[in-house]
Each structure stands twice: as structure tokens, then as C-alpha cells.
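Okay, here's what each chain looks like letter by letter:
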Amino acid sequence: MELIKFAFFQKALIAALLAGIACGIVGVWIVIMRISFIGVAISHSAFAGALLALFLNKPVIPFSFLFCFLACAILGPISDKGQLHPETSIGIIFSSTLGLAFLFMGLLPESKSQALNLLWGSILTVNLLDIIILVITCFFVIIITVIFFKELQAVIFNRELAKASGISATIFFYLLLLLTGMTVGATLKSVGGLLVFALIVNPAASAYQITYNMKKMYFLSCVFAILSGWIGLFLSAKFNFPAGASIIIVSTFIFIISVIFSPKRVKK
């Protein structure tokens, strides 16, 4: 507990809080739409952008955001115009960005330690700029969710029915993708390009085990994601574990507990 006195640990706790809120909300969309693989595809896009930034000796965050937005901007049209299932489009983006990531990593002239930190996350090294980016991301995700709650609910459950109801389903679907990309890009440094996928999916899947109510699901998903971050950080400090890995293991444990004690499971 003495670590709380240190500024770097305080920043890590704040980053875990903000990342938990953003990932918790976005995760509900992804889990209900059953496109969990999108987290992998977009996170690898962010990782590829960050590696390109390292190769060009440029700031990492802008490039990771750019690649996330490009991936999301391509995902929707490929799925709609190509008449492909979203999972197929996601697979195409994932394989392409994975290839780019390995290419850029191979081109790095120096040690690969920076690239590995981006892959696994380094939440204990977040700075004020990283936290500001997380605050902005949380603000946009929360505001969009609150203002367009009914429209988003209709789109994530069934795009065709939403379109038949007069909702601009395509626009809202693209908006969901862009906000997902924004969240992945913002949490790249704190959680890691590979592990952010689990922090998006696991808490939302845990919340889905407990309730069908959307508002409760948003709340529980955020709580589970925040708890995963905070407990993971303290376990990391106590046992000298990697912080990112500890966070994901805790989120997995929460999911297992949710499945065991799920009211839905009891009813069945």
C-alpha cells in the first residue's frame, strides 16, 4: 500500500480507472454484436502504427490512432460493399496489420525492447499526456453512449431491424468501430497492443453472464474492468508480476466466477 504514495503508481491507478471505463463500455458493444475478434484486429493495427512510429522516430500515440482509425474505416465498407460477414472483414484486417507489424519490427535498427513494451503494455510508465488522452477517450465514449443510448442499443442487437426502424444503422455501426479504435489506441501504452483485447472482452462477457439489462451491463462491465486493473496492479507490485499480464489474469478470473455464479446458468 505504500506504493500509493508514489506519483508513478497514482498515475497507473488513474490510467487503469480510465482504461477500465472505456474498455468496459466498448466491450459491451463487441460482445453483444459477437465480433470479439475485432479487438485483436484493431489492437494489432495500433501496434503496427506504433512500430512504424518507432521506425520513423516519431511519437507513438498519433501513429497508433491513425492506424486504428484506418482499420476501422476500412472494416465497415469491406463488410458492407463486399457483402462479407464482419468476422471475415476483421480477419482480413488482422492478417494485413499483423504482417505490417512484423515488417516494421524487422526494420527497427536497435533493440526490440520498446516494441515489446508496446505489445505487452507498461502501465507503470504512463505520463500525464497518456492520462489526458485516456480522459478524452472516456469522455467521447461516455457522451456518445448516453446521447445515443437507444440508437446504439438497436444497432448492436440487430442492424437490419434498426435500419427498418428508421435508424441510420450504417452510420452508428461505423461510429462504434471508430470509438473502438479510439479506445484501443488510447490504451495501447497502458494495457498493451495484445492484452487490450482481453480487457475489452473479458469484463463485458462477465457482465453478460449476470444481466440482460443494458444499463446494468455497462455498469458491471466497467466495474469489472476497473477492478481487473487495480487488483492486477497490486498483485504486480506484491509478487513482481508483469502488470499487463496480471490485469488480464484477474479479468479472466472474474469471468470464471461470473460464469459459476451466473443467474442465467442457474435458470437453465
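Residues numbered from 1 in each chain as written. Predicted model: local features only at pLDDT ≥ 70, side-chain atom pairs only at ≥ 80, totals over all residues. Heavy atoms only, no water.

Undergrad: Help me get a handle on the overall build of the protein chain, residues and values and all.
TA: Scanning the protein chain from terminus to terminus reveals 14 helices and zero strands. If you list the helices and strands of the protein chain from N to C, you get α-α-α-α-α-α-α-α-α-α-α-α-α-α. Counting only residues that meet the buried cut, the protein chain has 51% of its 268 residues in that class. Taking all contacts inside the protein chain whose residues are at least 6 apart in sequence as the whole, residues at least 24 apart take part in 75%. For the protein chain, the computed accessible surface area is about 12,900 Å², with 71% contributed by carbon and sulfur atoms. (Helix = DSSP H or I, 4+ residues; strand = E, 2+ residues; numbered from the N terminus. Buried < 20%, exposed > 50% of the residue type's maximum accessible area, 1.4 Å probe, protein only. Contact = heavy atoms within 4.5 Å. Areas by Shrake-Rupley, 256 points an atom, 1.4 Å probe, with all protein chains shown as cover.)

Undergrad: Go over the confidence of the model for the protein chain, please, and point to the residues and values.
TA: Confidence in the prediction of the protein chain, expressed as mean pLDDT, is 83, and 88% of residues score 70 or more. Averaged over each element, pLDDT in the protein chain is lowest for helix 14 (residues 263-267) (65) and highest for helix 6 (residues 128-147) (92). (pLDDT = per-residue confidence, 0-100.)

Undergrad: Which residues make up helix 9 (residues 169-186), and what are the values?
TA: A rise of 1.5 Å per residue sets the reference length of helix 9, with its 18 residues, at 26 Å; its end C-alpha atoms lie 26 Å apart and thus fit the reference within 8%. Taken across its 18 residues, helix 9 has 13 buried, putting it largely inside the fold. (Expected span 1.5 Å × (residues − 1).)

Undergrad: Run through the nonpolar core, naming residues and quoting values.
TA: Where a protein is soluble and globular, its nonpolar side chains tend to be buried together. Residues Trp29, Ile38, Leu51, Ile123, Val155, Ile200 and Leu233 are the most contacted members of the largest nonpolar core, which totals 92 residues. The leading source of residues in this core is helix 1 (residues 7-33), at 17 residues. Apart from residues lying up to four places away in sequence, Ile200 is in contact with Cys23, Val26, Gly27, Ile30 and Val184. (Core = buried A, V, L, I, M, F, W, Y, C linked by side-chain atoms within 4.5 Å.)

Undergrad: Go over the packing of helix 1 against helix 6, please, and point to the residues and values.
TA: At a minimum axis separation of 9 Å, helix 1 and helix 6 run at an interaxial angle of 30°. By the angle class used here, helix 1 and helix 6 are roughly parallel. As helix 1 packs across helix 6, the resulting crossing turns out to be left-handed. Across from Lys11, Ile14, Ala15, Leu18, Ala19, Ile21, Ala22, Ile25, Val26 and Trp29 in helix 1, the residues of helix 6 making contact are Leu128, Ile131, Leu134, Val135, Thr137, Cys138, Val141, Ile142 and Thr145. Partitioned by chemical class, the residues of the contact of helix 1 with helix 6 number 16 nonpolar, two polar and one charged. (Axes fitted to C-alpha atoms, helices over the stretch in contact; angles between N-to-C directions. Parallel < 35°, antiparallel > 145°, perpendicular 65-115°, else oblique. Left-handed = near helix turned anticlockwise from the far one by under 90°. Nonpolar A, V, L, I, M, F, W, Y, C, P; charged D, E, K, R; others polar.)

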